[in-house]
Amino acid sequence: MRRLAAPLGTLAAVAGAFAYVGAVDPNEPGHYPVCPLLRVTGAFCPGCGGLRSAHAFVHGDLGAALSANAVAVVGYVLFAAVWVLWLVRSWRGQPLRIALAPVWWWALGAVLLVFTVVRNLPFGAALAP
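Because the structure is predicted, anything quoted here is derived from the model rather than measured.

**Quick word on the UniProt feature "transmembrane region" (unreviewed entry) in the chain**
For step 1, the next point in the chain: With numbering aligned to this structure, UniProt lists the feature "transmembrane region" (unreviewed entry) at residues 62–86 and 98–118.
For step 2, the next point in the chain: The span residues 62–86 is 96% helix and 0% strand, and its two end C-alpha atoms sit 25 Å from each other.
For step 3, the next point in the chain: Here residues 98–118 runs as 81% helix and 0% strand, with 30 Å between its end C-alpha atoms.

If you want it as structure tokens, here you go:
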């Protein structure tokens, strides 16, 4: 059971965070701080709409979640997949080792950069929160 402490503790923390965001609506003003980049520049960062996306995701509204921040929804799914892998490997007594080549990190950065630029352009308004 000791081997499962870290993945189960992480699940508890993430579930608690999602439960809080599910209970406290980010669409209501005053509950959460405004994105500093949005406040200063008026531009959406890659995380803008993430709380609204999580709120919709918790309530089972996948369309609204994708509309608020599609990259965040992909992140939720990737987190779930990695967490299951971590749990299984911990159960078997094996360490979780995910080694990504630098090209994957560069690709992730490029995707986030393109997502950020496109969602701030008129033709990418569908990606804006």
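**Thoughts on the UniProt feature "signal peptide" (unreviewed entry) in the chain**
For step 1, the next point in the chain: Taking the numbering used here, the UniProt-annotated feature "signal peptide" (unreviewed entry) corresponds to residues 1–19.
For step 2, the next point in the chain: For residues 1–19, the helix share is 79%, the strand share is 0%, and the end-to-end C-alpha distance is 25 Å.

**Quick notes on a nonpolar patch on the surface**
For step 1, the next point in the chain: A cluster of nonpolar side chains, V82, L85, L96, I98, L100, V103, W104, W105 and L108, forms an exposed patch at the surface whose accessible area comes to about 880 Å².
For step 2, the next point in the chain: Of all the secondary structure elements, the ones that give two or more residues to the nonpolar patch are helix 5 (70–91) and helix 6 (102–119).
For step 3, the next point in the chain: The element best represented in the nonpolar patch is helix 6, accounting for four residues.
For step 4, the next point in the chain: Here L85 shows up in helix 5.

**Structural notes on the packing of aromatic side chains**
For step 1, the next point in the chain: In total, this model carries three aromatic pairs according to the counting rule given.
For step 2, the next point in the chain: What links up through ring pairs into an aromatic cluster is the set F18, F57 and Y76.

Criteria and thresholds
- Residues numbered from 1 in each chain as written.
- Predicted model: local features only at pLDDT ≥ 70, side-chain atom pairs only at ≥ 80, totals over all residues.
- Heavy atoms only, no water.
- UniProt positions renumbered as here; feature names shortened; annotations may be inferred.
- Helix = DSSP H or I, 4+ residues; strand = E, 2+ residues; numbered from the N terminus.
- Patch = residues over 30% accessible without salt bridge, like charges linked within 9 Å, V, L, I, M, F, W, Y side chains within 5 Å.
- Areas by Shrake-Rupley, 256 points an atom, 1.4 Å probe, with all protein chains shown as cover.
- Salt bridge = Lys/Arg side-chain N within 4 Å of Asp/Glu carboxyl O.
- Phe/Tyr/Trp six-rings, centres within 6.5 Å; stacked < 30°, edge-to-face > 60°.

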